[in-house]
Protein chains: 2
Amino acid sequence: MNAQDLIFSLRTALLSKDKEDMAHLTRRCHPADIGAVLSSFTVEQIAQLLSLTPVEERAQLFGYLPKELEADIVPSLDKKALGELFLHMASDERADLFNLLPEEQQGRLLPVLAKAEREDIRKLAAYEEDKVGSVMSSEYALVDAKRTAKEGIAQLRKAAPDTETIYQAYVVDSERRLVGTVSLKDLIMANEDAIIGDFMTRDPVYVKADAPREVASQLIAKYDLIALPVTNGGDKLVGIVTYDDAMDVAAEEATTDFRKVGAVSEIVGNIKDASINLLYRKRVFWLVLLVFGNIFSGAGIAYFEDTIEAYIALVFFLPLLVDSGGNAGSQAATLMVRAMATGEVMIKDWAKMLGKEFIVAGLLGLTMALAVSTLGFWRGGPEIALVVALTMQIVVVVGSVIGMSLPFLLSRFKLDPAAASAPLITSIADACGVIIYFAMATWILDIPVG
Amino acid sequence: MNAQDLIFSLRTALLSKDKEDMAHLTRRCHPADIGAVLSSFTVEQIAQLLSLTPVEERAQLFGYLPKELEADIVPSLDKKALGELFLHMASDERADLFNLLPEEQQGRLLPVLAKAEREDIRKLAAYEEDKVGSVMSSEYALVDAKRTAKEGIAQLRKAAPDTETIYQAYVVDSERRLVGTVSLKDLIMANEDAIIGDFMTRDPVYVKADAPREVASQLIAKYDLIALPVTNGGDKLVGIVTYDDAMDVAAEEATTDFRKVGAVSEIVGNIKDASINLLYRKRVFWLVLLVFGNIFSGAGIAYFEDTIEAYIALVFFLPLLVDSGGNAGSQAATLMVRAMATGEVMIKDWAKMLGKEFIVAGLLGLTMALAVSTLGFWRGGPEIALVVALTMQIVVVVGSVIGMSLPFLLSRFKLDPAAASAPLITSIADACGVIIYFAMATWILDIPVG
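Given the structure is predicted, the values throughout are model-derived calculations rather than measurements.

A word on the pattern of salt bridges
1) Next: Summed over the entire model, instances satisfying the criterion amount to 21 salt bridges over all chains.
2) Next: The closest approach of N and O atoms between Arg283(B) and Glu357(A), which form a salt bridge, is 2.9 Å. Residue Arg283(B) is located in helix H17 (residues 276–303), and its partner Glu357(A) is located in helix H20 (residues 350–412); the two belong to separate chains. The two residues Arg283(B) and Glu357(A) agree in class, both being buried.

Some points on the layout of surface pockets
1) Next: Looking at the second largest pocket, its volume works out to about 560 Å³.
2) Next: In terms of lining residues, the second largest pocket is bounded by 19 residues, among which Lys150(A), Ile153(A), Glu192(A), Ile153(B) and Glu192(B) are the most central.
3) Next: Counting only elements with at least two residues in the lining of the second largest pocket, the list comes to helix H12 (149–159) and helix H13 (184–189) of chain A together with helix H12 (149–159) and helix H13 (184–189) of chain B.
4) Next: In terms of residue class, the lining of the second largest pocket is built from 12 nonpolar, 1 polar and 6 charged.

Considering the UniProt feature "transmembrane region" (unreviewed entry) in chain A
Residue and element names in this part refer to chain A.
1) Next: The feature "transmembrane region" (unreviewed entry), as annotated in UniProt, sits at residues 284–304, 310–337, 358–378, 384–410 and 422–445 in this numbering.
2) Next: Taken end to end, residues 284–304 comprises 95% helix and 0% strand; its first and last C-alpha atoms sit 31 Å apart.
3) Next: As annotated, residues 310–337 has a helix share of 89% and a strand share of 0%, and its two end C-alpha atoms lie 42 Å apart.

Focus: the packing of helix H15 (residues 213–223) of chain A against helix H16 (residues 243–261) of chain A
Residues and elements named next belong to chain A.
1) Next: Across the interface, H15 lies against H16 with an axial gap of 9 Å and an inter-helix angle of 120 degrees. With respect to H16, the axis of H15 lies oblique. Between H15 and H16 the crossing geometry is left-handed. Residues Arg 213, Glu 214, Ser 217 and Ile 220 of H15 form the contact with H16, whose participating residues are Tyr 243, Ala 246, Val 249, Ala 250, Glu 252 and Glu 253.
2) Next: Split into classes, the residues belonging to the contact of H15 with H16 amount to 5 nonpolar, 1 polar and 4 charged.

Focus: the interface of chain A and chain B
1) Next: Each side of the interface is counted separately: chain A has 109 residues, and chain B has 109 residues.
2) Next: Buried surface at the junction of chain A and chain B, both sides included, amounts to about 9,800 Å², of which 68% is carbon and sulfur.
3) Next: Area buried by chain A at its contact with chain B is led by Phe258(A), Lys272(A) and Arg283(A), which between them contribute 9% of it.
4) Next: Counting across the chain A and chain B interface gives 4 salt bridges.
5) Next: A salt bridge links Asp33(B) to Lys222(A); the nearest nitrogen and oxygen atoms lie 3.1 Å apart.
6) Next: Summed over the shared surface of chain A and chain B, the number is 34 residue pairs in polar contact (both at pLDDT 80 or more).
7) Next: Among the elements that take part in the side of chain A that touches chain B, helix H19 (residues 314–341) of chain A stands out by supplying 18 residues, more than any other.

Side note on the pairing of strand E7 (residues 237–242) of chain A
Residues and elements named next belong to chain A.
1) Next: Across the 6 residues that make up E7, a large majority, 5, are buried.
2) Next: Where strand E6 (residues 227–231) meets E7, 5 bridges bridge the pair, whose relative direction is antiparallel. Each bridged residue has a counterpart across the sheet, and for Ala 227 the counterpart in E7 is Thr 242.
3) Next: The antiparallel hairpin formed by E6 and E7 contains 5 residues in its connecting segment, where Asp 235 sits at a positive phi of about 65 degrees.

A look at empty space enclosed by the protein
1) Next: One pass over the full model with this rule turns up 4 cavities of 30 Å³ or more.
2) Next: In terms of lining, the largest cavity is formed by 15 residues, of which the most central are Pro319(A), Val322(A), Leu318(B), Pro319(B) and Val322(B).
3) Next: For the lining of the largest cavity, the per-class residue count stands at 10 nonpolar, 1 polar and 4 charged.

Digging into the sheet that holds strand E5 (residues 207–208) of chain A
1) Next: The strand order across the open sheet built from 3 strands is E5-E6-E7 (chain A), with neighbouring strands paired in mixed fashion. Each edge of the open sheet is held by one strand with a lone partner, namely E5 and E7 of chain A.

Quick word on the relation of the copies chain A and chain B
1) Next: Its rotation angle being 180 degrees, the transformation that places chain A on chain B also includes 0.0 Å of axial translation and leaves an RMSD of 0.2 Å. Expressed as a symmetry operation, the mapping of one chain copy onto the other fits a two-fold axis.
2) Next: Looking at the interface residues of chain A, 100% of them are also at the interface in chain B, so both copies use one shared face.

Regarding the packing of aromatic side chains
1) Next: Enumeration according to the criterion identifies 14 aromatic pairs over all chains in this entry.
2) Next: Note on Tyr303(B) and Phe304(B): the rings are 5.1 Å apart at their centroids and 90 degrees apart in plane angle, and the pair reads as edge-to-face.
3) Next: Three or more aromatic residues link up through ring pairs in this structure, and these residues are Tyr303(A), Phe304(A), Tyr437(A) and Phe438(A).
4) Next: If you follow Arg379(A) out to its NZ or CZ, it ends over the ring of Phe316(A), 3.9 Å from the centre.

Comments concerning the sheet that holds strand E4 (residues 201–202) of chain A
Residues and elements named next belong to chain A.
1) Next: Spatially, 4 strands are ordered E1-E2-E3-E4 in an open sheet, and the strand pairing comes out mixed. With one partner strand each, in any of the chains shown, strand E1 (141–142) and E4 form the two edges of the open sheet.
2) Next: By the bridge criterion, 2 bridges tie strand E3 (residues 178–183) to E4 in an arrangement that is antiparallel. Paired with Thr 181 across the two strands is Thr 201, which belongs to E4.

Here's the deal with a negative patch on the surface
1) Next: A cluster of acidic residues, Asp306(A), Glu309(A), Asp306(B) and Glu309(B), forms a negative patch on the protein surface.
2) Next: Looking at the negative patch, the elements with two or more residues in it are helix H18 (305–310) of chain A together with helix H18 (305–310) of chain B.
3) Next: As for its placement among the helices and strands, Glu309(A) is situated in helix H18.
4) Next: We classify Glu309(A) as partly exposed; its relative accessible area is 40%.

Some points on the nonpolar core
General note: in soluble globular proteins, nonpolar side chains tend to be found buried as a group.
1) Next: By size, the foremost hydrophobic cluster in this structure holds 156 residues, and its most contacted members are Leu10(A), Leu184(A), Leu10(B) and Leu184(B).
2) Next: Apart from the residues lying within four places of it in its own chain, the contact partners of Leu10(B) are Met22(B), Leu25(B), Ile34(B), Val37(B), Leu38(B), Phe41(B) and Leu49(B).
3) Next: Counting residues in each nonpolar core, the second largest holds 116 residues, with Met340(A), Leu364(A), Leu445(A) and Met392(B) among its members.

Some points on the UniProt feature "domain: CBS" (unreviewed entry) in chain A
1) Next: Within the UniProt annotation, "domain: CBS" (unreviewed entry) is assigned to residues 136–199 and 200–256 of chain A.
2) Next: Along residues 200–256 of chain A, the helical share is 44% and the strand share 26%, with 38 Å between the first and last C-alpha atoms.

Parameters and conventions
- Residues numbered from 1 in each chain as written.
- Chains lettered and ligands numbered in written order.
- Predicted model: local features only at pLDDT ≥ 70, side-chain atom pairs only at ≥ 80, totals over all residues.
- Heavy atoms only, no water.
- Salt bridge = Lys/Arg side-chain N within 4 Å of Asp/Glu carboxyl O.
- Helix = DSSP H or I, 4+ residues; strand = E, 2+ residues; numbered from the N terminus.
- Buried < 20%, exposed > 50% of the residue type's maximum accessible area, 1.4 Å probe, protein only.
- 1 Å grid on protein atoms, 1.4 Å probe; cavity = no way out; pocket = protein on both sides within 12 Å on 5 of 7 lines; lining within 4 Å.
- Points joined across faces, edges and corners; volume = space filled by probe spheres on them.
- Nonpolar A, V, L, I, M, F, W, Y, C, P; charged D, E, K, R; others polar.
- UniProt positions renumbered as here; feature names shortened; annotations may be inferred.
- Axes fitted to C-alpha atoms, helices over the stretch in contact; angles between N-to-C directions.
- Parallel < 35°, antiparallel > 145°, perpendicular 65-115°, else oblique.
- Left-handed = near helix turned anticlockwise from the far one by under 90°.
- Contact = heavy atoms within 4.5 Å.
- Buried area = accessible area lost by both parts, 1.4 Å probe.
- Polar contact = N/O pair within 3.5 Å; in protein donor to acceptor, adjacent residues only side chain to side chain.
- Pairing = 2+ DSSP bridges.
- Least-squares fit on C-alpha atoms with pLDDT ≥ 70 in both.
- Phe/Tyr/Trp six-rings, centres within 6.5 Å; stacked < 30°, edge-to-face > 60°.
- Lys NZ or Arg CZ within 6 Å of the ring centre and 35° of its normal.
- Patch = residues over 30% accessible without salt bridge, like charges linked within 9 Å, V, L, I, M, F, W, Y side chains within 5 Å.
- Areas by Shrake-Rupley, 256 points an atom, 1.4 Å probe, with all protein chains shown as cover.
- Lys, Arg positive; Asp, Glu negative; His and termini not counted.
- Charge placed at Lys NZ, Arg CZ, Asp CG, Glu CD.
- Core = buried A, V, L, I, M, F, W, Y, C linked by side-chain atoms within 4.5 Å.

Below, the structure is given as structure tokens:
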């Protein structure tokens, strides 16, 4: 069913108020597809559609709505519908939603839940948004190391309704410390009577709940895992991160880095639905900051006003030379930022990368110096050609080295390397370029500085 | 075992030449960890370590080596070891490696393989690198719709050694057209005697083999799939893409877009190991191209030389005004490029996004015009303040609209929106900025243009 047909069917369901219509629709369409078109309905309409949806599918469907919308809808649901919804949601999504609610709504919600759920929400909701704990689920399957493979499968079958995945199960000791993992594949492939403790994977890969959340997705990608166990400070198993949540985390982290490199502060959520106010606030900070950065370039130019007046032809080459340093720097910075985000390059690699950058930038500068000296000769004679060529060579190397090193420097001081945005590098390289250019000109053309 | 210990153990295994040492090591360590440290050995040493590794683990270990290294190692393996290796590799990795080999090596390899494997490689290797076909695997599990759940599990168990995953199985008709999917969870949860055809998922989500490969990872992320079936032109099932390959594709696509936004052409593989020659080639193209772009800015400045000579103070504000347009444009471009890559924004959204961008950029420009007019008043009096403020307002709006629209324009002409790099936007915005600035100055300050 395409999006148009789906919207039409949902409209029909709204008019008929028939639960059978929605039940039929949830059988025919994937909740991700229904969730994707729901944003074209009003909050009240969505709440009504949800209350028409069968209980099990309701929570699934709700999970596919944009996070901002979820919090808007909660006040429109009655107490009973809200309790049912929370009961059937995945534990990680439930905790995220809980965090999004205003305090008064949180108070309204807690009494309708069972004690176990209340504690679960409180525990998961306590983790900071950028930590593994905030994306983990507490619904994992445990199996007993002393049981047989056949019994293990039976255990998983029984646990299935309350677990995020039955493809990976965990073995814990009496203190709930993680001692091993076993996959459903292992269980199916093993002899029926084999004892789980004998063939489970000991010392499995795991992550701490307070590690940065991207560590979980890096580990899942590296070891091709379906789920990664999460432990607390005392090495006790507290949850799992599943591959699908890891994919979402990886995509969100890439988006955040992408925006930072474009000098936009972090935006939570979808850009299409972002308000004008939000977009303004996320962009204005860097723009204004960079203006002040550019004042240095302006001051550099002002200092060399006499040089410029004596050789007005020099101004022609100003944007070209100065921008080339910024461009080479932007290239070097984006390469490093991404390489550090994926874990390809670490702080300790700085010296090695610097050596390489010097050679590459030297060659790039040489190529561009040759190109630009022809232009310099044609517009201003041999002396201008020399000034322009030398400046280009130095500017490209300086810009590249700054662009390459800034992400390392930020990382060294525990800041995000992605803050080394293209516009920031451009501004710094510009100021350096102006000084290098006019210093060269003053020196070679032999002009007294005012 | 940490990396240092692992390297030490591998050195020991090299010296002892004892197969038992390597067998022990592969039982204790994850192949991803061994693969990660192997790059600190020479090609000959790696080949030797591989030949000491038990056959099954050898292919696994080989799969975790960097792609470039894989092709280097093949010539060092003898015919028998090579044949064994290929036999145990996953079909998609096998085809990728085959494509990397020089023709003479390909000829050496084909005779040692069975006919079925030869055809499989030829088929998979025929897909272009950026298509779904190039990341799919031909090793999927089929089940019979007429069998019971219990029989289905037995079928999966038997097929397991030759499939990438047993968690998702496929049902095809006599023409091998995809008619349904069933997960191992469905099979385990169903009644033992339930007929698969009665509870399988009909009309499953699928992808065409010639679709761009990022479509597969977008679908897997959207529908939280473990594996996505791939069909050819005739709707026949030809392979599957698994979630772990989809994660790698998503990460690679993000890296490529990231580099493009930094004006670096696509680099295949790891940046740390990239040669100087490669890095030079991938960066020089854009740098030189942008130089020519900047000539427009230079020409603009040259045209207004008289204005500059009359009001040399104007040069102070040149970098500041011109860069602000570029910065606002870079912000708008990176927001759009990423939103288009994740499918958040499509070509049809252009008009809507443009309207919003006008308002946001208008507000940003206003803020910055106010900030900069103070500076203009202080350095040059009320007239300069007016010129600078008006220019800032226009430059920020023009830069933002260009930066926001260019990714759409590129996409409209079937080009990659990520080519709208920050440096490219900066160059275009610079040229516009120079003209706007001096046109404003000439007009307001009433200077005759030479």
